[in-house]
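This is what each chain is made of:
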Amino acid sequence: MFWFIIFLVFMLFLIIFGVQLSHKENSKKKIHLLVNEKVLKNLEELKFNISRIFYINDSHTYIQSNEYKQMVAVDNKKKKIALIDYESSELIIIKFNEFLDYEVYKNGVSYTTGGNVGSIWGGIFNAKTEENCKELKLIIRIKKIDKPQITYDIIKDTVFNMGENIAGKAYSECIKTLQEFVSFLEVVKSENKQKSLPEK
């Protein structure tokens, strides 16, 4: 009888936890959806010519359709980037030359380019396959006094804070879109550097 009661309590705990987890994930997806819809409408009103949208997978939305994911819009014609602060639901539009740098943080450790983009992915991929990533985020630094940086949380608030296994599908899908967007940032960074060089 005693063990049966323990079993029931344990099962009740799992049910409550599962409901709370589902509610949290649905809430995050709903926030992303509403923010993205609002941003796209604002960009249309501002005549921001979207030439490309980068959809960034995270541990909660990687299996969802794009409208639920974090995004960054690019206007190649006007050389502008539309960033989104999902914490405050704020749209921040910058010119290419207002982009300064970025950092990728994995489990509290910063991986910066240092002129070599391979150093980022070497540090992120060169790990034991049983390792879990509890936190992965991208910090974009921009030339705005009132808003000097924007953070995109990619892996955060996982079940029991155990993180995502680096050999798993969630981690792989998150890295794939992150790598694609970072490659774009490297191109912008390179263009800015070339323009800052004195003419010969």
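Residues numbered from 1 in each chain as written. Predicted model: local features only at pLDDT ≥ 70, side-chain atom pairs only at ≥ 80, totals over all residues. Heavy atoms only, no water.

This brings us to the confidence of the model for the protein. The share of residues in the protein with pLDDT of 70 or more is 75%, and the mean pLDDT across the chain is 84. Segment residues 17-23: pLDDT under 50, and three contacts once partners within four positions in sequence are set aside and those in other chains are kept. (pLDDT = per-residue confidence, 0-100. Contact = heavy atoms within 4.5 Å.)

To continue, consider the sheet that holds strand β4 (residues 90-95). An order of β1-β2-β3-β4 is seen for the four strands of this open sheet, with the pairing classed as antiparallel. Of all the strands in the sheet, just β1 (52-56) and β4 have a single pairing partner and so form its edges. If you compare each strand with its neighbour and ignore which way they point, the axes differ by 20° on average. Here strand β2 (residues 70-75) runs beside strand β3 (residues 80-85); their pairing, made up of three bridges, is antiparallel. Considered in β3, the bridge of valine 74 is made with isoleucine 81. (Pairing = 2+ DSSP bridges. Helix = DSSP H or I, 4+ residues; strand = E, 2+ residues; numbered from the N terminus. Axes fitted to C-alpha atoms, helices over the stretch in contact; angles between N-to-C directions.)

So, on to the environment of lysine 143. Secondary-structure assignment places lysine 143 in the loop between β8 (136-142) and β9 (149-155). Exposure remark for lysine 143: the relative accessible area of 53% places this residue in the exposed category. Taking C-alpha positions, lysine 143 is 8.3 Å from isoleucine 94, a pair spaced 49 residues apart along the chain. With residues up to four places along the chain from it excluded, the contact list for lysine 143 reads Asn97, Glu98 and Leu100. (Buried < 20%, exposed > 50% of the residue type's maximum accessible area, 1.4 Å probe, protein only.)

Counted residue by residue, strand β5 (residues 99-106) has six buried out of eight residues, so it is predominantly covered. Strand direction decides the pairing type here: β5 and β8, joined by seven bridges, are antiparallel. Looking at the pairing, lysine 106 lines up with leucine 136 of β8. Pairing of β5 with strand β6 (residues 109-111) involves three bridges; the strand directions are antiparallel. Each bridged residue has a counterpart across the sheet, and for valine 104 the counterpart in β6 is tyrosine 111. Where β5 hands over to β6, the hairpin turn is made up of two residues, of which asparagine 107 adopts a positive phi near 50°.

This part covers the packing of aromatic side chains. Using the criterion set out here, one finds five aromatic pairs in the structure. When the ring of tyrosine 86 is compared with that of tyrosine 152, the centres are 6.2 Å apart and the planes differ by 70°; the resulting orientation is edge-to-face. Remark: tyrosine 152 occurs in strand β9 and tyrosine 86 occurs in the loop between β3 and β4; sequence separation between them is 66 residues. Residue tyrosine 86 is classed as buried on the basis of its relative accessible area of 10%. With relative accessibility at 0%, the residue tyrosine 152 sits in the buried group. Linked through ring pairs, Phe54, Phe96, Phe181 and Phe184 together constitute an aromatic cluster. Geometry around tyrosine 105 places lysine 137 over its ring, the cationic atom sitting 5.6 Å from the centre. (Phe/Tyr/Trp six-rings, centres within 6.5 Å; stacked < 30°, edge-to-face > 60°. Lys NZ or Arg CZ within 6 Å of the ring centre and 35° of its normal.)

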